[in-house]
Amino acid sequence: MTSIALVKYRFLGKQGGLEKQAFKIIDELLNRGYQVTLISSQSINYKSINSIKLNSSAPKGFLTLLFFIYKVKHYLKHQKFDQMLALS
């Protein structure tokens with residue numbers, strides 16, 4: 001089974017426009033038999049995806065995003081995925 005990691009800093013459930021599109025992407029990937037892991041600063045419970053929550057302990061603002069990117073890179077070094085998709 002092919003594994004795909006989706007990375008999105010803030011995932012606000014089904015509230016935002018990009019989040020709605022992300023759910024469509026996730027649904028299509030699941031329908032095609034992919035194993036989907038969502039890496040975000042919030043965890044979500046959606047169908048059979050694996051949700052990984054990476055906290056950023058940096059102060060609010062630009063540094064928060066940089067700390068999140070650092071943690072994602074560190075996580076991806078220790079986990080193997082066939083593909084990765086970053087959603088901004």
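### Regarding the overall build of the protein chain
Here's step 1: Check the secondary structure of the protein chain and you find 2 helices and 4 strands.
Here's step 2: When the helices and strands of the protein chain are placed in sequence order, the string is β-α-β-β-α-β.
Here's step 3: Scaling as 2.2 N^0.38, a compact globule of 88 residues should have a C-alpha radius of gyration of about 12 Å, and the protein chain matches this with 13 Å.
Here's step 4: C-alpha atoms of the protein chain, sized along the principal axes, occupy 40 × 30 × 20 Å.
Here's step 5: Taking all 88 residues of the protein chain together, 35% fall into the buried category.
Here's step 6: A separation of at least 24 residues holds for 53% of the contacts in the protein chain among residues at least 6 apart in sequence.
Here's step 7: A total of about 5900 Å² of accessible surface is found on the protein chain, and carbon and sulfur atoms cover 53% of it.
Here's step 8: Averaging the positions of the 13 positive and the 4 negative side-chain charges in the protein chain gives two centres separated by 11 Å.

### Concerning the sheet that holds strand 4 (residues 83–86)
Here's step 1: Read across the open sheet, the 4 strands follow the order 3-2-1-4; overall the sheet is parallel. Bordering the open sheet on either side are strand 3 (50–53) and strand 4, each of which pairs with just one other strand. In this sheet, adjacent strand axes meet at a mean angle of 20 degrees when their direction is disregarded.
Here's step 2: Relative to strand 2 (residues 35–40), strand 1 (residues 3–7) runs parallel, the two being bridged by 5 bridges. Residue leucine 6 lies in a different strand from strand 2, and its bridge partner there is leucine 38.
Here's step 3: The sheet contacts of helix 1 (residues 17–31) involve strand 1, strand 2 and strand 4, and relative to strand 2 the element is tilted by about 155 degrees.

### Some points on the packing of aromatic side chains
Here's step 1: Counted under the stated rule, the structure contains 2 aromatic pairs.
Here's step 2: Taking 5.1 Å as the distance between ring centres and 65 degrees as the angle between the ring planes, the aromatic pair formed by tyrosine 9 and phenylalanine 68 counts as edge-to-face. A residue pair is termed long-range when its members are at least 10 positions apart, and tyrosine 9 in the loop between strand 1 and helix 1 and phenylalanine 68 in helix 2 (residues 62–78) qualify at 59 residues.

### A word on the nonpolar core
Here's step 1: By size, the foremost hydrophobic cluster in this structure holds 13 residues, and its most contacted members are Ile44 and Ile49.
Here's step 2: Where this core is concerned, the elements lending two or more residues are strand 1, helix 1 and strand 2.
Here's step 3: Top element by residues in this core is helix 1. It accounts for 4 residues.

### As for the pattern of salt bridges
Here's step 1: Going through the model one piece at a time under the given rule, you end up with 3 salt bridges.
Here's step 2: Between glutamate 19 and lysine 8 there is a salt bridge, with its nearest N and O atoms 3.7 Å apart. Within this pair, whereas glutamate 19 is found in helix 1, its partner lysine 8 is found in the loop between strand 1 and helix 1, the two being separated by 11 residues in sequence.
Here's step 3: According to the relative accessible area criterion, lysine 8 is buried, its value standing at 9%.

Scoring rules and cut-offs
- Numbering of residues starts from 1 in each chain and follows the order in which that chain's sequence is written.
- Local features in a predicted model are, by the rule used here, given only for residues with pLDDT of at least 70; side-chain atom pairs are given and counted only at 80 or more, and totals for whole chains, interfaces and linings are based on all residues.
- Excluded from the side-chain calculations are hydrogens and water; all other atoms, namely the structure's heavy atoms, are used.
- Secondary structure elements follow DSSP: runs of H or I no shorter than four residues count as helices, runs of E no shorter than two count as strands, and numbering proceeds from the N terminus.
- Note that the radius of gyration is over C-alpha atoms, with the globule rule given as 2.2 Å times the number of residues to the power 0.38.
- The buried label applies to any residue whose accessible area, calculated with a 1.4 Å probe on protein chains only, is under 20% of its type's maximum; exposed applies above 50%, and partly exposed to all values in between.
- Residues are treated as being in contact if the distance between any of their heavy atoms lies within 4.5 Å.
- Areas reported as accessible are Shrake-Rupley estimates using a 1.4 Å probe. Residue values count occlusion only from the protein chains shown.
- A positive count includes Lys and Arg, and a negative count includes Asp and Glu. His and the chain ends are not counted in either.
- Think of each charge as sitting on NZ of Lys, CZ of Arg, CG of Asp or CD of Glu.
- In short, DSSP must find at least two bridges between two strands for them to pair.
- All axes are obtained by fitting lines to C-alpha atoms, using only the stretch in contact for helices, and the reported angles, taken between N-to-C directions, cover 0 to 180 degrees.
- Centres within 6.5 Å are what make two rings of Phe, Tyr or Trp a pair, Trp counting through its six-membered ring; a difference in plane orientation under 30 degrees is then read as stacked, over 60 as edge-to-face, and the rest as tilted.
- For our purposes a nonpolar core is just a set of buried Ala, Val, Leu, Ile, Met, Phe, Trp, Tyr and Cys residues, chained together by side-chain atoms within 4.5 Å.
- Any Lys or Arg side-chain nitrogen found within 4 Å of a carboxyl oxygen on Asp or Glu counts as a salt bridge.

Keep in mind these values describe shape, not function.
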